[in-house]
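Topology and contacts: notes
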Amino acid sequence: MERQWGMVIDLDRCTGCEACVVACHAENNIATVGEDGAARGRAMHWIQVQRYWEGEFPDVRLKYQPVLCQQCGDAPCESVCPVYATYHNPDGLNAQVYNRCIGTRYCANACPYNARVFNFYNPVWDKPLGLQLNPDVSVRSVGIMEKCTFCIQRVKKAEVQAQESKQPIKDGEVKPACVQSCPAKAMVFGDLNDPKSKVSQLARSNRATRLLEEVGARPNVIYLRSVS
Amino acid sequence: MAGPSVEQVNQEILRPLVRTSWRYYLTAGILGSIVLAAFFAFLYQVNSGIGVSGLDRPVFWGFYITNFVFWIGISHAGTLISAILRLTHAGWRRPVTRCAEAITVFALMIGASFPIIHLGRPYLFFWLLPYPSVRGIWPNFHSPLLWDAFAITTYLTGSTIFLYLPTIPDFALVRDKARGRRKKIYHVLSLGWKGTPRQWHRLEMAMRIMAVVILPVAVSVHTIVSWDFAMPPVPMWHSTAFGPYFVAGAIFSGIAALIIAMALLRKAFHLEQYLTPFHFDKLGKLLLLMSLVWGYFIVAERMTVWYGNESSEMAVYSSSAQGQFTHLFWIMVFCNLLIPFFILSIKNFRTITGTVIASITVVIGMWLERFLIIVPSLERKYLPFTWGAYRPSWVEITITAGTFAAMALLYMIFSKLVPIISVWELKLGLRQEGQSPRSALAPAKPSPIIAQPGLAAPGE
Amino acid sequence: MDRRSFLKISAVGSATAALDACGKPEHQLIRFIPEEDLIPGIASWKPGVCTRCPAGCGIQVRVMQGEAEVTRDGKLGLISMGLAKKIEGNPEHPVNRGKLCAWGQAGLQVTYNPDRIRFPLKRSGPRGSGEYQMISWEEAVTELVSHLSAAGSAGRPSPVAFLTQRLRDHRGMLIEKFLDALGAPPAVHFEFFEQTVLRRANELSFGHYQMPTFDLANADYVISFGADFLGTWNSPVSQNFAYGELRQGRPELRGRFVQVEARMSQTGANADEWVYAKPGTEGMLALGLAHVMIAEKLRPRESASAMGRLIHGWTEGLQDYTPDKVAGPTGVESARIQRLARDIAAHTPAVAMIGGAPLALTNGLDNALAVNALNALLGSVGKPGGIFFTPQPLLEGLPSLKEGSSVRALSEGILKGSSQVKVLMLFNANPVFASPSAWRVQEAFEKVPFIASFGSFVDETSILSDLILPDHSYLESWVDNIPESGTLLSVASLAAPPMAPLHHTRAMPDVLLDAAHRLGGDVAKAMPWKTYSDVLQAAFEPLAHRNGSISAKTDDDFWSATQRDGGWWSSETKASPAAPGANRPHAQVKITEAKFDGDETEYPFHFLPYASQQFGDGTHANLPWMQEMSDVISTAMWCTWVEVNPQTAGRLGIQQGDLIEVASPHGKLQAPAILSRGIAPDVVAMPIGQGHEQFGRYASGRGVNPIKILAPREEPETGELAWAATRVKIRPAGGKGKLILLAGSEREWPGKSQQR
Ligand SMILES: Nc1nc2c(c(=O)[nH]1)N[C@H]1C(S)=C(S)[C@@H](COP(=O)(O)OP(=O)(O)OC[C@H]3O[C@@H](n4cnc5c(=O)[nH]c(N)nc54)[C@H](O)[C@@H]3O)O[C@H]1N2
Ligand SMILES: Nc1nc2c(c(=O)[nH]1)N[C@H]1C(S)=C(S)[C@@H](COP(=O)(O)OP(=O)(O)OC[C@H]3O[C@@H](n4cnc5c(=O)[nH]c(N)nc54)[C@H](O)[C@@H]3O)O[C@H]1N2
Ligand code: SF4
Ligand code: SF4
Ligand code: SF4
Ligand code: SF4
Ligand code: SF4
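Each residue is numbered by its place in its chain's sequence as written, counting from 1. Working convention: letters from A go to chains and numbers from 1 go to ligands, in the order in which they are written. For a predicted model such as this one, the threshold for reporting local features is a pLDDT of at least 70, and the threshold for listing and counting side-chain atom pairs is 80 or more; totals across whole chains, interfaces and linings nevertheless cover every residue. To obtain the side-chain values, all non-hydrogen atoms of the structure were used and water was disregarded.

Examining the pairing of strand β21 (residues 605–611) of chain C
Residue and element names in this part refer to chain C.
- The classification of residues rests on relative accessible area computed with a 1.4 Å probe and restricted to protein chains. Under 20% of the type maximum is buried, over 50% is exposed, and intermediate values are partly exposed. Only DSSP runs of H or I covering at least 4 residues are called helices, and only runs of E covering at least 2 are called strands; the numbering of each starts at the N terminus. A large share of β21 lies buried, amounting to seven of its seven residues.
- Side-chain alternation along β21 places F605, F607, P609 and A611 on one buried face and H606, L608 and Y610 on a second face that is also buried.
- Pairing between two strands requires that DSSP report at least two bridges joining them. Strand direction decides the pairing type here: β21 and strand β25 (residues 683–688), joined by six bridges, are parallel. Pairing of H606 across the sheet is with V683, part of β25.

Listed below in structure tokens is the structure:
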């Protein structure tokens with residue numbers, strides 16, 4: 001049975017701490033755009049901890065919702081890409097081939113979740129900040145689209161090891177950087193096609209929802225509603 | 001007053017090809033420098049990155065794609081209109097067809113450049129084209145952008161031929177009149193036209209076929225352009241009405257552009273006798289019709305959204321209903337609907353000046369329409385946390401200005417190389433209908449497009 | 001334009017491109033022989049300790065071979081070396097169980113920070129000018145030693161002062177021994193968010209001068225008075241971890257959580273119920289709850305025992321704290337107080353915590369004692385789901401948390417001339433930035449003849465130094481740490497350097513040892529070790545014989561095993577507080593009224609500076625990742641702001657992004673306004689951490705520093721700064737400020753374009 005990588009985010013656990021955000025930057029060589037870039041709305045977070053106010057003082061609440069690429073089953077971003085720079089890989093991941101991207105930005109418009117970010121300029125790392133770069137992840141240059149990859153480099157590593165050792169990938173063995181770091185253990189990653197995996201068990205919870213389900217992109221990120 | 005004689009026609013219409021005033025050079029110089037500025041702006045963007053534009057997350061498309069849709073729309077002036085007029089044997093078409101067809105070709109060239117200008121990596125534009133690459137990778141035929149590539153190239157080829165065919169006899173005419181190097185050039189261009197009955201017959205056949213073929217192509221082009229927006233699930237893009245809506249809008253803006261072009265030519269080259277109030281009146285009526293059609297579509301589109309009251313769509317709707325785009329929206333409605341209706345529905349206002357004013361507002365209004373289709377949806381797409389805003393940068397503005405200058409410049413150059421009015425068709429009209437230009441422009445009797453064989457080639 | 005001129009242009013373009021390509025040093029640098037043998041592409045994970053906040057989480061560092069530009073004996077060149085590529089939590093570590101917070105994740109940017117000091121520096125320009133010249137370590141240490149010996153011969157106590165962050169490791173011990181041998185007073189500790197008040201309260205209530213640990217994972221009900229325990233307070237990662245379990249760790253039980261505060265923190269945002277109580281009345285509210293429980297016999301008064309008896313009127317059933325009496329001052333309706341009290345009492349185990357602003361008041365200690373008493377009444381002390389104290393492994397010579405005097409005393413002494421300071425040593429403490437102007441720290445330090453700094457960065461304090469002896473980063477050094485809280489186990493973290501030093505730096509403890517040997521005499525005798533690792537090996541030895549995570553035959557095995565695991569932790573899991581009463585008996589406490597600086601009519605707003613998720617006390621402001629991580633409440637990036645309640649703003653005609661002036665009796669500042677629904681109408685709040693004048697390229701000259709307008713109020717018994725006791729007035733200052741938000745729905749047109 002083919003794998004379908006997926007993620008569950010328990011909004012009742014998530015405290016909005018944003019450790020996932022920085023973990024993703026560190027793991028995936030995401031450039032910082034600086035004051036001006038940020039002011040122009042060009043910050044490159046692959047995962048955003050979105051937050052929404054409810055009510056007015058003093059009966060006020062704040063809801064956090066980390067939003068990353070939902071790795072859609074029917075990804076609107078894929079069909080519109082004229083050069084197959086973004087496509088569906090055999091593990092059901094929405095993959096991004098940086099070298100092929102010519103920067104039409106059509107995919108980003110088609111993405112209902114605005115999960116995609118674009119290199120409006122060449123990234124800069126003031127020396128020696130460049131030494132922090134993860135050699136497993138290629139650095140993107142100007143004019144290229146990028147987004148959360150479910151840390152595909154970690155997935156691939158596990159798959160290669162599994163092939164070599166002839167051992168199947170154990171549930172929970174692959175941990176994207178955000179999942180690994182999440183202090184509240186709000187994020188769970190695994191194979192949704194494996195009914196025994198933690199992620200698919202949680203996905204069957206009665207708290208399970210998907211973001212903008214009505215759009216019909218069949219996301220593979222499942223949110224568990226916060227109870228209160 | 002008596003209409004022009006055959007000799008007059010030769011002289012007056014060919015005059016621009018031989019005589020060039022200082023005004024011409026001045027205007028060309030000004031336009032040229034604007035085009036140049038736009039070109040440097042583009043080089044600057046390529047060099048420093050698309051970041052020099054005002055684009056951001058989530059508004060990834062702005063002025064450039066607006067211009068793309070706008071110019072492709074304008075291109076529907078010519079070929080489509082002249083094809084319709086030819087097929088319906090509208091006699092008054094004769095002085096109009098060529099400048100119309102020319103608009104198409106140039107507008108397409110300009111419009112087609114924007115999908116390249118707006119790329120993050122424009123130097124790789126050729127990956128959009130299906131060619132056997134060393135990597136054995138073909139483009140994605142699911143992508144509307146690829147359909148664009150096909151549709152536009154087809155339309156460009158088609159309309160170039162459509163422009164070229166009826167020009168052959170006129171090239172021949174110029175060839176016969178010119179001498180020296182010019183003679184050689186026009187000799188080549190006229191493909192050895194002798195005006196023999198066989199050649200006339202062939203030309204007639206070819207033009208019949210082209211006129212029929214070009215119509216569906218023209219319609220398909222803007223339908224496909226509309227699909228760039230209608231296909232992805234973006235609020236207020238994702239609409240079935242977009243196909244016909246865009247085609248109607250295209251013809252609408254096309255006619256307006258044509259009227260403006262004609263008025264300018266008329267002034268610049270003193271073609272008062274050929275481009276008469278009568279033409280502007282007819283085109284004015286056509287413009288009025290399209291204005292109403294456009295109005296119907298905009299009402300239909302917004303009505304359904306408003307009535308449906310679907311939250312993600314209402315978010316976009318409200319930004320032009322009572323949000324940051326309200327002003328632009330009403331300016332658009334005034335330019336496209338109210339002003340044209342007021343001017344064009346009143347006979348006394350349907351003068352040359354009147355139609356031109358209406359046309360100018362329509363061109364402005366239709367550019368705004370493209371902008372208001374593209375940007376508001378991107379600014380407020382689904383999750384409010386990700387909403388954003390867009391302001392164009394000087395680079396985008398310069399390049400946009402450059403395209404209008406380019407259009408005018410190309411047109412000026414064209415009018416220097418090719419008789420801007422189809423000489424032979426006009427003469428034919430005159431022959432068939434006797435001397436009165438008035439009647440020469442009345443609907444021709446359902447006779448073949450070209451007079452019976454045996455008629456000598458015009459111009460000798 | 002014709003084709004040729006086009007080619008010319010593009011040719012120019014590519015030519016310049018080619019030029020700066022050759023201009024890149026990589027293309028000219030010499031290549032040093034690698035000092036370590038590494039296989040390219042093969043990653044190794046090395047244990048470490050996070051020092052980015054006092055919590056002391058265990059980390060593991062992903063080290064991979066790579067190319068680094070380094071200086072080796074004066075020559076600049078390329079070397080192939082092991083480089084830290086990613087920091088993750090150490091899954092075995094009892095405090096953070098493999099998890100990290102945002103600060104921990106961003107640690108790489110400390111080591112690779114472009115503004116790190118790369119070699120020893122001697123001041124070459126006037127003080128504060130930041131003009132330094134590079135010198136050798138030999139020169140640097142000689143310079144330090146000459147000043148120290150000069151001071152040493154100046155009689156007792158010798159005029160030497162050492163100012164450092166509070167160290168929970170053996171560097172602290174070395175510093176104390178060093179100062180002691182020099183005959184100098186003990187080190188001065190400085191942290192803006194020092195926890196003295198709560199430690200003192202816990203000592204009085206529970207006999208532990210220590211930060212508490214909460215067993216949230218097993219609690220059924222949690223009420224927190226101002227403690228941002230999911231954000232920056234105490235031991236955030238362990239508390240986030242436990243919080244996750246509190247909510248969804250148990251199949252049939254979802255723990256409830258109520259937050260009491262005046263401005264919604266990240267923690268408050270996660271509460272089931274958010275209660276606004278007037279600043280300074282938290283203790284009163286706690287006693288109000290206690291009163292209801294006692295009065296309605298939901299809990300026996302006696303169960304609070306001594307912790308209750310500390311509170312005036314407890315034995316009489318807290319008659320002064322009936323809901324009706326409390327409702328007025330706290331601003332919480334009496335009905336709600338009763339409901340909350342019954343709610344809490346109905347859920348066992350229930351636990352109360354207090355931290356942050358309620359402690360930073362003139363009545364901070366009273367508030368803490370009240371909440372401690374409430375805990376005792378709830379029976380949560382030392383019980384599952386309750387409050388605990390992390391047992392401290394008895395390690396040789398560790399300085400107790402009590403030691404050391406305050407920066408305020410130091411600068412006062414210097415300014416008054418009452419305390420002689422000829423040599424001042426600085427380590428990771430920046431009081432010039434993080435103390436009220438009224439303390440006049442800069443003025444005082446400028447009077448000190450010789451200042452040496454061990455810090456890695458030039459900041460507002462270390463720029464006053466005459467000599468800089470740059471420390472390694474924590475990824476390049478031997479690090480040990482004794483967590484004060486965050487676990488029920490007794491933990492001693494330890495790590496060898498995950499990577500070799502990138503720059504020409506030296507570990508502070510090694511420099512101290514070197515200096516000590518050069519000074520000779522008592523000092524040398526007092527510090528017999530050669531290197532800091534020797535210190536640690538000796539210090540950890542006793543643990544080899546206690547039963548814990550490591551069972552090793554020989555001491556050497558134990559030593560290597562400790563490095564392998566990233567530390568040692570005991571195996572016994574529980575630690576209940578010792579008998580209360582502590583050392584000296586304490587008079588009964590009557591909850592005093594909080595006194596605020598600034599007249600209420602002239603300064604109508606409570607001013608609430610808070611520890612920013614991005615920058616903490618300002619320490620993290622020089623990391624691009626932290627500047628660009630959006631604030632958890634405002635979603636702001638790369639800027640500072642003032643949080644104002646929308647009603648208040650409407651009243652004063654203030655709109656989102658408007659520049660407003662915040663004035664206290666001690667100064668004023670300007671920052672853009674954020675209209676925040678999560679703040680009381682009579683409170684304005686500002687994040688701490690921006691407004692650096694001197695802290696590298698990413699932090700300097702960005703935003704404003706709210707600490708500068710704070711009143712020098714104190715909690716009387718501990719003398720700790722009451723940083724939440726200032727009142728301010730606000731007014732529109734005209735125009736828009738630079739406000740950069742990630743939240744798009746709040747990027748209102750044309751607000752965003754104005755930010756450009
Ligand atoms: N400076 C530098 N030079 C190097 C190396 C290096 O690391 N740095 N690495 C060396 C090594 S190991 C290798 S393998 C070579 C690799 O050198 P290249 O073969 O050049 O590899 P890339 O640069 O990855 O890809 C070449 C170009 O193919 C484009 N491309 C991607 N998809 C398509 C497509 O569908 N059609 C077409 N036509 N082009 C496409 C990419 O965008 C890129 O511009 O470079 C060698 N040279
Ligand atoms: N997205 C994306 N990813 C890519 C590519 C792409 O085009 N796009 N390109 C892929 C391709 S084609 C390749 S080949 C890889 C290249 O990727 P790598 O080969 O992993 O990267 P390099 O930095 O070229 O080489 C690895 C290390 O070898 C070290 N080294 C240099 N000389 C020596 C030596 O003499 N001995 C030893 N022991 N080490 C030495 C260098 O210092 C460097 O640190 O990247 C692949 N990754
Ligand atoms: S790290 Fe976990 S808890 Fe923190 S914001 Fe991300 S998902 Fe939420
Ligand atoms: S979330 Fe957006 S980018 Fe990710 S797969 Fe879905 S459509 Fe594509
Ligand atoms: S931006 Fe890149 S990935 Fe997105 S559609 Fe265009 S080419 Fe494809
Ligand atoms: S899965 Fe990986 S890439 Fe995606 S958000 Fe998490 S860390 Fe970033
Ligand atoms: S809480 Fe964060 S900063 Fe503090 S030690 Fe743990 S990981 Fe480091």
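With respect to the interface of chain C and chain A
- Every residue pair with non-hydrogen atoms within 4.5 Å of one another is taken to be in contact. Residue-level contacts link 80 residues of chain C with 62 residues of chain A.
- Buried area is understood as the total, over both parts, of accessible area removed when two parts are fitted together, assessed with a 1.4 Å probe. Carbon and sulfur atoms supply 53% of the area that chain C and chain A bury against each other, a total of about 5,900 Å² over both sides.
- Of all residues in chain C, W625, E628 and R677 of chain C bury the most surface against chain A, accounting for 13% of the area lost on that side.
- What counts as a salt bridge is simple: a side-chain nitrogen of Lys or Arg found within 4 Å of a carboxyl oxygen of Asp or Glu. Linking chain C with chain A are eleven salt bridges.
- In this structure, D136 of chain A and R62 of chain C form a salt bridge, with 2.5 Å as the shortest nitrogen-oxygen distance.
- Any pair of nitrogen or oxygen atoms within 3.5 Å is treated as a polar contact; in protein, a donor-acceptor pairing is required on top of that, and neighbouring residues in sequence qualify only through side-chain atoms on both sides. Taken together, the links from chain C to chain A amount to 34 residue pairs in polar contact (both at pLDDT 80 or more).
- For the side of chain C that touches chain A, the element with the most residues is helix α7 (residues 236–248) of chain C, which contributes eight residues.
- Grouping the constituent residues of the side of chain C that touches chain A by class yields 37 nonpolar, 20 polar and 23 charged. Only Asp, Glu, Lys and Arg are considered charged, only Ala, Val, Leu, Ile, Met, Phe, Trp, Tyr, Cys and Pro nonpolar, and every remaining residue, Gly among them, polar.

Let's talk about a negative patch on the surface
- Patch members must show over 30% relative accessible area and no salt bridge, and they are joined within 9 Å when carrying like charges or within 5 Å when they are nonpolar side chains of Val, Leu, Ile, Met, Phe, Trp or Tyr. Throughout, the Shrake-Rupley method with a 1.4 Å probe supplies accessible areas, and for residues the shown protein chains are the sole cover considered. For the charge count, each Lys or Arg is scored as positive and each Asp or Glu as negative, with His and the chain ends excluded. Taken as the charge centre is NZ of Lys, CZ of Arg, CG of Asp or CD of Glu, depending on the residue. Negative charge collects at one region of the surface, where E541, D555, D556 and D557 of chain C lie side by side.
- Secondary-structure assignment places D556 of chain C in helix α20 (residues 555–565).

Some thoughts on the layout of surface pockets
Residues and elements named next belong to chain B.
- Volume-wise, the largest pocket comes out at about 1,100 Å³.
- Looking at the largest pocket, it is lined by 34 residues, and the ones nearest its centre are L264, L265, A268, A408 and M412.
- Every element with two or more residues in the lining of the largest pocket is listed here: α1 (6–18), α2 (22–48), α3 (63–74), α10 (242–269), α14 (352–379) and α15 (394–417).
- The residue makeup of the lining of the largest pocket, split by class, is 25 nonpolar, five polar and four charged. For cavity detection a 1 Å grid was placed over the protein atoms alone, and a set of points counts as a cavity when a 1.4 Å probe fits there but cannot get out; an open set counts as a pocket when protein lies on both sides within 12 Å along at least five of seven lines, with lining residues being those that have an atom within 4 Å of a point. Grid points are joined across faces, edges and corners, and a volume is the space filled by probe spheres set on the points.

Concerning the site of ligand 4
- The full set close to ligand 4 counts 13 residues, and C69, C72, C77, C111 and R116 of chain A are the nearest of them.
- A breakdown of the residues in the shell around ligand 4 according to their chemical character gives eight nonpolar, three polar and two charged. Throughout this document, a residue counts as near a molecule or strand when at least one of its heavy atoms sits within 4 Å of that molecule or strand.

Focus on the environment of I117 of chain B
Residues and elements named next belong to chain B.
- Among the secondary structure elements, I117 is positioned in helix α5 (residues 97–117).
- When its relative accessible area of 11% is taken as the criterion, I117 is described as buried.
- Separated by 110 residues in the primary sequence, I117 and W227 have C-alpha atoms spaced 20 Å apart.
- Discounting chain neighbours no more than four positions away, the residues touching I117 are F42, Q45, I50, Y64 and I399.

Quick notes on the interface of chain B and chain A
- Each partner contributes residues to the interface: chain B has 43 residues there, and chain A has 48 residues.
- In total, chain B and chain A occlude about 3,800 Å² of area from one another, counting both sides; carbon and sulfur atoms represent 58% of this.
- In terms of surface lost to chain A, no three residues of chain B exceed R57, F60 and F385 of chain B, which account for 22% of the buried area on that side.
- Across the contact surface, chain B and chain A share zero salt bridges.
- Scanning the region where chain B abuts chain A turns up 30 residue pairs in polar contact (both at pLDDT 80 or more).
- Looking at the side of chain B that touches chain A, the elements that each hand over two or more residues are α6 (144–164) and α9 (197–230) of chain B.
- No other element matches α9 of chain B, which puts three residues into the side of chain B that touches chain A.
- Residues belonging to the side of chain B that touches chain A are distributed by class as follows: 27 nonpolar, eleven polar and five charged.

Considering a nonpolar patch on the surface
- A surface patch of nonpolar side chains, amounting to about 420 Å² of accessible area, comprises W22, L26, I30 and I34 of chain B.
- Looking at the element boundaries, I34 of chain B is found in helix α2.

Considering the sheet that holds strand β8 (residues 187–191) of chain A
Residue and element names in this part refer to chain A.
- A sheet is described by the order of its strands in space; here four strands give the open sequence β8-β1-β10-β9, paired in mixed fashion. Unpaired on one side and paired on the other, β8 and β9 (208–209) mark the two borders of the sheet.
- Two strands pair when backbone bridges link them, and strand β1 (residues 5–10) and strand β10 (residues 221–224) are joined in this way by four bridges, in the parallel orientation. Paired with D10 across the two strands is L224, which belongs to β10.

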